Amino acid sequence: TPTERTPRIPVTVVCGFLGAGKTTLLKRILEAPNGVKFGVLVNDFGAVNIDADLIVETGADQVSLANGCICCSIRDDLVDAIEQILQAQPRPDRLIIEASGVSRPLAILDILDRPEFEDRLAVDATLCLVDADQFPSLDYSSTELAIDQAGSSDLLIINKCDIASAADILATEETLLGPMPHVRRIRATYAHVPDEILFGFDASDAALKLHSNQKHQNRYPPQTSHNHHPHHDHEHDEHGIHHHHNHADEFQAWSWNSDRTINLDAFRAAIQRLPTGLLRAKGIVRVRSGGSTRRAIFHLVGKRSVVTTDDGAPPTSSQVVAIARKGALDSDRLTQLMEACCEL
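Below is a short write-up of the structure. On a predicted model such as this, the values are computed, not experimentally measured, just so you know. Numbers given to residues run from 1 along each chain, matching the order in which its sequence is written. The predicted origin of the model limits local features to residues at a pLDDT of at least 70 and limits the giving and counting of side-chain atom pairs to 80 or more, whereas totals for whole chains, interfaces and linings rest on all residues. Computation of side-chain values: all heavy atoms of the structure, hydrogens and water removed.

**Considerations on the side chain of Asn159**
(1) Moving on: Note on placement: Asn159 falls in strand β8 (residues 155–159).
(2) Moving on: Judged by its relative accessible area of 1%, Asn159 is buried.
(3) Moving on: Any N or O atom pair separated by 3.5 Å or less is treated as a polar contact, with the protein-specific requirement of one donor-capable and one acceptor-capable atom, and with residues adjacent in sequence counted only for side-chain atom pairs. Here the side chain of Asn159 touches Ala191 through a polar contact of 2.9 Å, landing on its backbone nitrogen.
(4) Moving on: Apart from the residues lying within four places of it in its own chain, the contact partners of Asn159 are Ala20, Gly21, Leu129, Val130, Asp131, Ala132, Ala188, Thr189, Tyr190 and Ala191. Secondary structure elements follow DSSP: runs of H or I no shorter than four residues count as helices, runs of E no shorter than two count as strands, and numbering proceeds from the N terminus. A 1.4 Å probe rolled over the protein chains alone gives each residue an accessible area, and that area as a share of the maximum for its type sets the label: buried under 20%, exposed over 50%, partly exposed in between. We call two residues in contact when some of their heavy atoms are within 4.5 Å.

**Quick notes on unusual backbone geometry**
(1) Moving on: A cis amide bond, omega 0°, links Gln89 with the succeeding residue Pro90.
(2) Moving on: Examined against the element boundaries, Pro90 turns out to sit in the loop between α2 (78–86) and β6 (94–98).
(3) Moving on: Backbone geometry at Lys160 places phi at a positive 65°, although glycine is not the residue there.
(4) Moving on: For Lys160, the position within the fold is in the loop between β8 and α5 (166–177).

**Regarding the nonpolar core**
Grouped burial of nonpolar side chains is what soluble globular proteins tend to show.
(1) Moving on: Here, nonpolar core refers to any group of buried Ala, Val, Leu, Ile, Met, Phe, Trp, Tyr and Cys residues whose side-chain atoms link them within 4.5 Å. The biggest cluster of nonpolar side chains holds 40 residues, and the ones touching the most others in it are Leu41, Ile82, Leu95, Ile97, Leu112, Leu121 and Leu176.
(2) Moving on: In terms of residue count, the dominant contributor to this core is α2 (six residues).
(3) Moving on: Discounting residues that sit within four places of it in the chain, Leu112 has contacts with Val11, Val13, Ile82, Ile97, Phe117, Leu121 and Val123.

Structure (structure tokens):
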């Protein structure tokens, strides 16, 4: 198992059909990494159009940025590209892999599951961007590929909702919901999605304690708004619009904590009943299993949810936090689900 000195690097796989907004998302992340050192693997980092004043060094297949991020070209061999980025100094905090617009993410996930990466990488999420404006007009084979990409992903980002008609947005979601009726999805414009949804909550207890005083339903804490330049995909370039974005108006957070011990089996069952409106959730809880008290870590993104126990000291207070789009979060139901897991 990885030691505390060399924790596994979380990996986010970004997929989606051609023109869905993957490059727009990557560029936004690299321009405002918020202190995170990202390693980014893309099919052609030139397409990301990184600002010249951000670049400190460039080579044939790697660009080093002033903010500590590095952007590498996948070229022909993803395994070699991953090894290259893992050897980089400083070591990246997170790895993002952009899949080709005509590739399936399962092939990438198979590579990340290889034994040589077992102790160094941990898949956090597979995110799929969908172009709501163009999806309804794709031909049959392209539609099948886009559906396959979505079906292999944990969370769908229905993008370009600013230029797509309401009818096209609904048609896109209905088509995707056919084979995936319980898929978690989020609507977006210009690939704007809060970092807490893209990458989840900080893994430390301290991050959860930030929410511990906010019982039940809370409004998502405001982020610093940015005026974004029109660096979007070609379908958006013609608009030349500067966007002022405040995620506090779109999302809300819920948190719960309890000093009581939680029954592990009941907690696992409750996780399976969480509403599909939740986009991300995280918990560090005190559980009882087999007569012993242990620490359990809970992580949810889209359809991916994991509850694991470890040898860490059980917390004195169990804490669970979640984010959903505003109006999709039933705080009373979530609280009841958690309370029912507590031992008397």
